[in-house]
Amino acid sequence: MRRCLAILVTLTLVFVVGRFSNGAPINETFDDGSGVNVLGSANVNAGSLQLTPNAGSQFGSAVLNGPVTTVAANNKLHLNLAVVLDPGASLGEADGVSFFIFSNTQPPLNGSGQLPASSIIGNAEDGNVAGAFSVAFDIHPDPFGAGSNPGISLSFNGAEVAGDTNPSFDFSSADFHDAFLEIEFLEDGSADVSLYVTEDIFGTPGATEALFNDVNIAGFGPGDYRFGFAARTGGQAADQRIDNFSAVLVPEPGSLLVWFAVAAMGLCGWFCRKRIRS
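Treat the numbers as computed from the prediction; the structure is a model and nothing was measured. (Residues numbered from 1 in each chain as written. Predicted model: local features only at pLDDT ≥ 70, side-chain atom pairs only at ≥ 80, totals over all residues. Heavy atoms only, no water.)

1. Focus: the overall build of the protein chain
Part 1 of the reasoning: Scanning the protein chain for helices and strands turns up three helices and 16 strands.
Part 2 of the reasoning: The proportion of buried residues among the 278 residues of the protein chain is 45%.
Part 3 of the reasoning: Contacts in the protein chain between residues far apart in sequence, at least 24 positions, make up 71% of those at least 6 positions apart.
Part 4 of the reasoning: Here the protein chain displays about 12,600 Å² of accessible surface, and carbon together with sulfur accounts for 55% of that area. (Helix = DSSP H or I, 4+ residues; strand = E, 2+ residues; numbered from the N terminus. Buried < 20%, exposed > 50% of the residue type's maximum accessible area, 1.4 Å probe, protein only. Contact = heavy atoms within 4.5 Å. Areas by Shrake-Rupley, 256 points an atom, 1.4 Å probe, with all protein chains shown as cover.)

In structure tokens, the structure reads:
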């Protein structure tokens, strides 16, 4: 019986580890530069990832070094990032930041594993990369008007699918604002995407606002994914930074039910055998 119980426990552990090992949470606080591969003006300083300084004609990008996040149908992916787009005392504000989720099988990277400007269709603040999903935080005054809120949009495979939407507060300020993404990967090979933002997440947080709810994106299906960021400035500028990035995979409910069922069967078998022997 001990041998059978050992086999049952081993099979249970194999199931659990195999099901969830690629879903280990990612938490990147940018305390140093070891977690990212940077390009251009991007660098890690002052405890955050600076994509561009408050200077004109800059481009910076960063790719998280790993691990790869594997998602299956009916999994949810929860992502958090703190974003600051600070024009300071500069004249005007530009241009914006994009956050990317791209396939590890066909990443839009150069030979050094970096995200080059040539992989981005249009500009960094537009968030358009072939084969990738992105959230774009565009603060350029045109077409939004000087001093207005940014236009926040969702893109997939090089084209905008939802946007531009503005929160009630000014996203282009000296404060870090939180962006929370919930992505549910569906069996038909699409994903439902929701985006929530919270003002001044490191200071006095405001109310969380829903900008997009269950936007269905065809073709954004299960797979192996990695994460990256890009930003640029032009004739106008801003100090554009990312901090406290996290990614957590939420498994499908069925996986948890199967695991509990297997564990319950093992316990029942053990107790029944114990009763017979006694």
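There is more to say after this.
2. A closer look at the pattern of salt bridges
Part 1 of the reasoning: Applying the stated criterion across every chain, the model contains three salt bridges.
Part 2 of the reasoning: Across the pair E125 and R232 runs a salt bridge whose closest N-O atoms are separated by 2.9 Å. Taken together, the positions of E125 in the loop between β8 (96-103) and β9 (132-138) and R232 in strand β15 (residues 223-232) put the pair 107 residues apart, joining distant regions of the chain.
Part 3 of the reasoning: With relative accessibility at 5%, the residue E125 sits in the buried group.
Part 4 of the reasoning: R232 sits in the partly exposed class, given a relative accessible area of 22%.
Part 5 of the reasoning: Between R241 and D239 there is a salt bridge; the shortest N-O distance is 3.2 Å.
Part 6 of the reasoning: R241 gets classed as buried once you look at its relative accessible area, which sits at 11%.
Part 7 of the reasoning: The network of salt bridges with shared partners includes D95, E125 and R232. (Salt bridge = Lys/Arg side-chain N within 4 Å of Asp/Glu carboxyl O.)

3. Considering the packing of aromatic side chains
To describe a pair of aromatic rings, you give the distance between the ring centres and the angle between the ring planes.
Part 1 of the reasoning: As enumerated under the stated definition, the model contains 14 aromatic pairs in all.
Part 2 of the reasoning: Residues F99 and F227 carry aromatic rings whose centres are separated by 6.2 Å and whose planes lie at 15° to one another, so their mutual orientation is stacked. Of this pair, F99 sits in strand β8 while F227 is found in strand β15, placing the two residues 128 residues apart along the sequence.
Part 3 of the reasoning: Here the aromatic rings of F227 and F245 are separated by 5.4 Å at their centres, their planes lie at 55°, and the arrangement is tilted. In this pair, F227 is assigned in strand β15 and F245 in strand β16 (residues 239-250), connecting sequence segments 18 residues apart. Each member of the pair, F227 together with F245, is buried. (Phe/Tyr/Trp six-rings, centres within 6.5 Å; stacked < 30°, edge-to-face > 60°.)

4. What about the side chain of D243?
Part 1 of the reasoning: The topology assignment puts D243 in strand β16.
Part 2 of the reasoning: The side chain of D243 sits in the buried core without any salt bridge; R241 is the nearest counter-charge, 8.1 Å away.
Part 3 of the reasoning: Residue contacts for D243: discarding those within four places in its chain leaves T29, F30, G47, S48, L81, A82, F176 and F202. (Lys, Arg positive; Asp, Glu negative; His and termini not counted.)

5. So, the confidence of the model for the protein chain
Part 1 of the reasoning: Across the protein chain, pLDDT averages 84, with 78% of residues at or above 70.
Part 2 of the reasoning: Taken as a whole, residues 143-148 scores under 50 in pLDDT and shows nine contacts with residues more than four places along the chain or in a different chain. (pLDDT = per-residue confidence, 0-100.)

6. Quick look at the side chain of S103
Part 1 of the reasoning: Here S103 lies in strand β8.
Part 2 of the reasoning: A polar contact of 2.6 Å, which involves the side chain of S103, links it to the side chain of T105.
Part 3 of the reasoning: Residues in contact with S103, not counting those within four places in the same chain, are G131, D224 and Y225. (Polar contact = N/O pair within 3.5 Å; in protein donor to acceptor, adjacent residues only side chain to side chain.)

7. Examining the environment of A82
Part 1 of the reasoning: Take A82: it is sitting in strand β7 (residues 76-86).
Part 2 of the reasoning: Under the relative-accessibility criterion, A82 is labelled buried at 1%.
Part 3 of the reasoning: Considered as a pair, A82 and H177 are 95 residues apart in the sequence and their alpha carbons are 5.4 Å apart.
Part 4 of the reasoning: In this view, A82 contacts F176, H177, D178, I201, F202, R241, I242, D243 and N244; residues no more than four positions away in its chain are not counted.

8. Remarks on the environment of I201
Part 1 of the reasoning: Turning to its location among the elements, I201 is positioned in the loop between β13 (191-198) and β14 (209-217).
Part 2 of the reasoning: On the accessibility criterion, I201 (28% relative accessible area) is partly exposed.
Part 3 of the reasoning: Residues I201 and D178, spaced 23 residues apart in sequence, show a C-alpha to C-alpha distance of 5.7 Å.
Part 4 of the reasoning: Setting aside residues no more than four positions away along its own chain, I201 makes contact with A82, F176, H177 and D178.

9. Some thoughts on the nonpolar core
Part 1 of the reasoning: In this structure, L79, F133, I183, F220, F227, F229 and F245 are the most contacted members of the largest nonpolar core, which totals 49 residues.
Part 2 of the reasoning: Filtering out sequence-adjacent residues up to four positions away, F133 remains in contact with F99, F100, I101, L154, S155, F156, L181, I183, V193, I217 and F220.
Part 3 of the reasoning: Formed by 10 residues, the second largest nonpolar core is a distinct cluster that contains V63, F102, A124 and A230. (Core = buried A, V, L, I, M, F, W, Y, C linked by side-chain atoms within 4.5 Å.)

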